[in-house]
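Structural characterization, general
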Amino acid sequence: MDFKQYKGKNILAWLYYNPNYSANNDDFDDVVNKRCYVYPRVMMKGVDYDLINSGDFPKFGRIEVRIQGGDSAEDIYSRFGSLVSIRINGDPYPNFDGNNMYSLKYNPQYGKLNSEIWIESFSGRGFYQIIDINSNMEELQKERSIPAPDYEVRTTLVLLRYENKLYGPFECGEKKEEKIPLSGVREYQYSVGEYAAMNYNDNLLVIENQDGEEALILIPKASIPSPEECKIRYDWISEETLIDNFIDSLRVENSYTREQVRQLKEMVHQLVESGANVQFTGDRITKIQTLLQSIAQKEEYIRDIVEYALVDESMKKVLSEEVVNNYFDQIQSKILEFSSVQERINGLKAQETALQQSVEALQRSAEQGKAQSSEEDKLKISELTQELEVLRKEKDALSVELGIRKDIEALKTERDRLKDERDKAKDSYNQQLIDNNDLKKQFESTLQAFNDKATQTARILDSKLLDKILRGIGEEPTMEDIVPFDTSLLHAEPMDCVDIINRVTTFISDKAHRDVTSNDVANYLICITQGFITTFAGEPGTGKTSLCNILAKALGLVTDIPQRRFVDISVERGWSSHKDFIGYYNPLSKKMERSNGEIFDAFERMDTECDCDQSQIAPFIILLDEANLSPIEHYWAAFLRNCDFTSVSNRSIPLGGTKSFKLPDHLRFLATVNFDHTTEELSPRFLDRSWVIMLEPTRVDDEIDEDIENFEDMVSFGDIKAAFCVREDDVIDEAIQNKWNAIQKIFRDRSLQIMPRNLKMVKNYCAVGCRCMERDTPATKFAPLDYALSQKILPTINGNGENYRMLIEDLLKECTAQNMPISAKHLERMKRVAENNMDFYQFFSR
């Protein structure tokens, strides 16, 4: 067998180990089982594949894997499962006499390209899994779920096989009570097709286990037509999704009253598809009518409940206390609608006037003696007087409510105005303190120099020399000409998210020999694009700084000066202001003093680029290396207010005097932080604005990283922003949204708040992640939320006690290793560390 034909290829294999191993077994020399076996089954060739003859790997159709490091065979099996993707890098020495002719070492520290054999989980990309069922389509439509099979479901999307038919594709939900719920796929308009199974038998890929028995069946997605092309289709949209899309298509944001529901039901028949994400067929319109009818019925039930509660005094008291204590903020914004309240008041005033006139007319008639008041007139006057009094009280109550609402709005406006004035005054005061301190230091230094050197005093008194010095001080500094950005350096063709991710992933794997997945790279790019600063955290030596340099080179930014778009700053201890690493205006010399020439020139260049077309320019990245040697919230304070791209109109930083630098849209910061006794903690204010990407220890060759050449062209900021910022057509997957809602509820149940800025950042991240990331397996189905939760929400957890313990445990249950492995790993670590740290739960604890 020519072993070379399998080297460097992506191979699907079956993984097995001996679960009955014991230290007393003479077949093993190790105390712990460090051997497992892979059975190569399929060699992938893009979307195509070739089956592998088991005879190519004598004697049992397998390769022996010798595990290096601390992992055991059981650890490897638990981590990757039985179906894996392998890559063979080394040349094994054939052992013709042993049970295993080929043996290779697996060393996770060496990475995907350097370990003799590499093992990773099956990605599921490009495949549906075939699941056999015992129910026909009629029963399936009633249940909307299938019994959980006795084997693992390894792809997110599946096809169901019943007798001689295939149905799908379906999206599998989380298993509950031994049932797997089935959802339609948005990409196919939530429809599923019916296929003749025999037409696709040649495309089936049967994966066998270690004993040669059938373990699972896969079929390439490319071999299955879209459900829209099928003659027989089934509508598989959920009621929640249907009504949500229907309401969205009408572009209505208000809640519906009973009359509006009636009007909507009449409009259903006239509905014209206009940019809606879901097609509204006749069956779906009928379903919507049923749902709308149920909404009207629910409204009547709610009205009856409210009337009962207001009649029963004890119930009314409990209801009032509950509303005031727990729901006042939500009700406050909707308690008064100015137009309707004003109309009601005007109506009451008109009724009051009419009633008043009626009463006065009757009274005048009685006084003038024109008619004898009858008992009936007196009774009518009494009734009208009582009704008038009721109307007056109702009018007074509404007037008070309206006045309170106006007072609240006025107070909020005044509060916001005073808050803005306070922030501006605080910034001005802080800047003045810094300028005064700088001036004081320079004055004291100058005075000391004059006192210590009397001979220099005599020379300065010389009129010619003094005149020369004064002229020199008054001269304006000369500025070097700034070289404009050369647009010919940009990549010639437009690039989308797939193009950029593939480019960066290939560069990191082939040039830097680092093992990263396309989802890892998508995560880096989404964080860098959507956030003003992205923090790479971890223990010393985990390759944080080199990874930032590699990312910049992959984007083509580390070119020759003056077109370089990447600057690396080594943070020093004692920094307290941005002037420590950029520069400042010297009021004595009337010149700019440069703390760092390269970074000063970079900001000066970016200041001129603010008016350029941002789509025709490359991004500019500044790296703060070892950022927490000094408190980052101090020396980076001027940039914190500029983190919100849309809310700050004048994004700039002051340098003293009248000098300031404008900050362009294409500027981004990266930061690397270590966690040991020599560094500062990250403040909540900074964590609220930064993504925190935690890097795990890995084998890093810094010398190789330094020799990596920059990519030959640059990716434009316009392409990056279009690829990794939210677009109008981005939609968060329904399963991810439900999972995110459940996580938010866990925080609310523990009375812990997720800041609004973080909620927005997670929402935007997931919207783009659903479009850019691979989510073909149960382990990657929630990948966007997994990354976002672990990098934005978990770093903000900082507290101790029973409440935090319950928070971590509830989150851990929701983020099981099967569906959100990144977050689950961090939560398990936080829980483990807290047990030995007086129940203190903190993301960065070690």
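These figures come from a predicted structure and were not determined experimentally.

Our next topic: the overall build of the protein. When its secondary structure is counted, the protein shows 25 helices and 27 strands. Looking at the protein as a whole, 43% of its 846 residues are labelled buried. Excluding contacts between residues fewer than 6 apart, the proportion of contacts in the protein whose partners are at least 24 apart in sequence is 75%. Summed over all atoms, the accessible surface of the protein reaches about 46,300 Å², with 48% contributed by carbon and sulfur.

The buried count for helix α20 (residues 717–724) comes to six of eight residues, which makes it a mostly enclosed element. Every buried residue belonging to α20 is among F717, G718, D719, I720, A723 and F724, and all of these are buried. Elements in contact with the buried residues of α20: α12 (497–510), α13 (518–530), β24 (667–674) and α22 (756–772).

In this section: the pattern of salt bridges. Counted under the stated rule, the structure contains 27 salt bridges. Across the pair D132 and R161 runs a salt bridge whose closest N-O atoms are separated by 2.6 Å. Taken together, the residues D132 in strand β8 (residues 127–132) and R161 in strand β10 (residues 157–162) connect sequence positions 29 residues apart. Residue R417 is joined to E421 by a salt bridge in which the shortest nitrogen-to-oxygen separation is 2.4 Å. With R417 and E421 both in helix α9 (residues 375–452) and four residues apart, the pair spans about one turn of that helix.

The five strands are arranged β18-β21-β24-β17-β25 in an open sheet whose pairing can be described as parallel. Strand pairing shows two members of the sheet lacking a second neighbour, β18 (566–570) and β25 (691–694), which therefore form its edges. The mean angle between the axes of side-by-side strands here comes to 20 degrees, regardless of whether they run parallel or antiparallel. Of the pairings in the sheet, the one linking β18 to strand β21 (residues 620–625) comprises five bridges and is parallel in character.

What follows deals with helix α15 (residues 597–609). Taking 1.5 Å of rise per residue, 13 residues should cover 18 Å, and α15 covers 18 Å from first to last C-alpha, within 8% of that figure. Residues of α15 that are buried: I599, F600, A602, F603, E604, R605, M606, D607 and E609.

The final tally for this structure, using the stated rule, is one cavity of 30 Å³ or more. Here the largest cavity defines a volume of roughly 90 Å³. Lining the largest cavity are L525, I528, T529, L555, P619, I621, R668, F717 and I720. Elements represented by at least two residues in the lining of the largest cavity include exactly α13 and α20. No other element matches α13, which puts three residues into the lining of the largest cavity.

Time to look at the pairing of strand β6 (residues 103–106). Successive side chains on a regular strand alternate, one facing one side of the sheet and the next facing the other. Going residue by residue along β6, you find L104 and Y106 tucked away on one face and S103 and K105 left uncovered on the opposite face. Direction of pairing for strand β4 (residues 63–67) relative to β6: parallel, over a ladder of four bridges. Residue I67 lies in a different strand from β6, and its bridge partner there is Y106.

Once that is clear, we can look at the confidence of the model for the protein. Overall, the prediction assigns the protein a mean pLDDT of 81, with 79% of residues at 70 or greater. Long-range and interchain partners of residues 25–29, a stretch whose pLDDT sits below 50, account for five contacts in this model, where long-range means more than four residues apart. This model gives residues 268–276 a pLDDT under 50, and the stretch forms 13 contacts once residues within four places in sequence are excluded.

Time to look at the state of the cysteines. Counting across every chain of the model gives zero disulfides. Of the cysteine sulfurs around C766, a residue in no disulfide, the closest is that of C770, at 6.3 Å. The cysteine C772 is free of any disulfide, with C497 supplying the nearest cysteine sulfur at 3.6 Å.

This brings us to the side chain of R514. Along the chain, R514 turns up in the loop between α12 and α13. A relative accessible area of 12% places R514 in the buried class. A polar contact of 2.3 Å, which involves the side chain of R514, links it to the side chain of S546.

The next point concerns the nonpolar core. Grouped together as the largest cluster of nonpolar side chains are 124 residues, with contacts concentrated most on F603, L624, W636, F639, F669 and F724. Top contributing element to this core by residue count: α22, with eight residues. If we skip the residues at most four places from it in the chain, F669 touches F532, I533, T534, F603, I622, L624, W636 and F639. Residues A13, L15, I52 and I76 belong to the second largest nonpolar core, which totals 27 residues.

To describe a pair of aromatic rings, you give the distance between the ring centres and the angle between the ring planes. A full pass over the atoms with the stated rule returns 26 aromatic pairs. Judged by centre distance (5.6 Å) and plane angle (55 degrees), the ring pair of Y106 and W118 falls under tilted. Of the two residues, Y106 sits in strand β6 while W118 sits in strand β7 (residues 117–121), which places them twelve residues apart along the sequence. There is no split in this pair, since Y106 and W118 are both buried. Aromatic pair F603 and F639: ring centres 5.9 Å apart, planes at 40 degrees, arrangement tilted. Highlighted residues: F603 in helix α15 and F639 in helix α17 (residues 637–640), separated in sequence by 36 residues. Across the pair, F639 and F603 agree in class, each one buried.

Excluding glycine, a negative phi dihedral is what most residues carry, and trans is how most peptide bonds are arranged. Here the bond from P58 into K59 is cis, since omega is 10 degrees, no more than 30 degrees from zero. Along the chain, K59 falls in the loop between β3 (48–51) and β4. Of the consecutive residues I561 and P562, the connecting peptide bond is found in the cis state with omega at 15 degrees. Located in the positive-phi region is H513, a residue other than glycine, with phi close to 55 degrees.

What follows is about the environment of T517. Mapped onto the fold, T517 is located in the loop between α12 and α13. Considering only alpha carbons, one finds T517 and T506, eleven residues apart in sequence, at a separation of 9.9 Å. A distance of 3.1 Å separates a polar side-chain atom of T517 from the backbone nitrogen of D520.

What follows covers the side chain of N209. Relative to the helices and strands, N209 resides in the loop between β14 (205–208) and β15 (214–220). A polar contact is formed between the side chain of N209 and the backbone nitrogen of D211, at a distance of 2.9 Å. Apart from residues lying up to four places away in sequence, N209 is in contact with W14, R41 and A215.

A few words now on the packing of α12 against α20. When two helices pack together, their arrangement is given by the angle between the helix axes and by the axis-to-axis distance. α20 packs onto α12 with a crossing angle of 110 degrees between their chain directions and a minimal axis gap of 9 Å. Relative to α20, the element α12 is oriented roughly perpendicular. Facing α12, whose interface residues are C497, I500 and I501, α20 presents D719, I720, A723 and F724. Taken together, the residues of the contact of α12 with α20 break down into six nonpolar, no polar and one charged.

Thresholds applied
- Residues numbered from 1 in each chain as written.
- Predicted model: local features only at pLDDT ≥ 70, side-chain atom pairs only at ≥ 80, totals over all residues.
- Heavy atoms only, no water.
- Helix = DSSP H or I, 4+ residues; strand = E, 2+ residues; numbered from the N terminus.
- Buried < 20%, exposed > 50% of the residue type's maximum accessible area, 1.4 Å probe, protein only.
- Contact = heavy atoms within 4.5 Å.
- Areas by Shrake-Rupley, 256 points an atom, 1.4 Å probe, with all protein chains shown as cover.
- Salt bridge = Lys/Arg side-chain N within 4 Å of Asp/Glu carboxyl O.
- Pairing = 2+ DSSP bridges.
- Axes fitted to C-alpha atoms, helices over the stretch in contact; angles between N-to-C directions.
- Expected span 1.5 Å × (residues − 1).
- 1 Å grid on protein atoms, 1.4 Å probe; cavity = no way out; pocket = protein on both sides within 12 Å on 5 of 7 lines; lining within 4 Å.
- Points joined across faces, edges and corners; volume = space filled by probe spheres on them.
- pLDDT = per-residue confidence, 0-100.
- Disulfide = S-S within 2.5 Å.
- Polar contact = N/O pair within 3.5 Å; in protein donor to acceptor, adjacent residues only side chain to side chain.
- Core = buried A, V, L, I, M, F, W, Y, C linked by side-chain atoms within 4.5 Å.
- Phe/Tyr/Trp six-rings, centres within 6.5 Å; stacked < 30°, edge-to-face > 60°.
- Parallel < 35°, antiparallel > 145°, perpendicular 65-115°, else oblique.
- Nonpolar A, V, L, I, M, F, W, Y, C, P; charged D, E, K, R; others polar.

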